[in-house]
Amino acid sequence: MSSTATATEAPAPKASSGRKPRKKRVSTPIYKFFQVKSGAVTRSRKECPRCGRGVYLAEHKDRLTCGKCGYTSYRKTK
Ligand SMILES: [Zn+2]
C-alpha cells in the first residue's frame, strides 16, 4: 500500500480585525543568565530547586519565581 497524499495544506493566517497591537512581552533569553569571565562561567540567576538544572527563577522586586512550577522564594528584606 502506498499512500501518495498531496499535502498542500497551508495554515491560513488569521486576520486580526479590530484589535489594537499590544506590546509584545519578550522573555529574557537563557544566554543572558550567564556571564563568562576569563573562562569561568558565572550565573546571574538562581536555579529552581524544584525543577533543577536549566530552569531559572525570574527576578521580581521582592521575590524570585519559577515560571515552570510556580515556585516562589521571597527575598530577605533588611
Ligand atoms: Zn520550578
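S.K.: Let's hear about the overall build of the protein chain: which residues, and what values?
M.R.: Counting secondary structure elements, the protein chain contains zero helices and six strands. In sequence order, the secondary structure elements of the protein chain are arranged as β-β-β-β-β-β. Within the span of the protein chain, comprising 78 residues, buried residues form 4% of the whole. If you take every contact in the protein chain between residues at least 6 apart in sequence, the share linking residues at least 24 apart comes to 0%.

S.K.: So, the sheet that holds strand β3 (residues 47–48): which residues are in play, and what are the values?
M.R.: Read across the sheet, four strands follow the order β3-β4-β5-β6 without closing on themselves; strand pairing throughout is antiparallel. In the strand order of this sheet, the two ends are held by β3 and β6 (72–74), each with one partner. Pairing of strand β4 (residues 52–59) with strand β5 (residues 63–66), which is carried by three bridges, proceeds in the antiparallel orientation. Paired with Glu59 across the bridge in β5 is Leu64.

What counts and what doesn't
- Residues numbered from 1 in each chain as written.
- Predicted model: local features only at pLDDT ≥ 70, side-chain atom pairs only at ≥ 80, totals over all residues.
- Helix = DSSP H or I, 4+ residues; strand = E, 2+ residues; numbered from the N terminus.
- Buried ≥ 20, exposed ≤ 12 C-beta atoms within 10 Å, placed from the backbone.
- Contact = placed C-beta atoms within 7 Å.
- Pairing = 2+ DSSP bridges.

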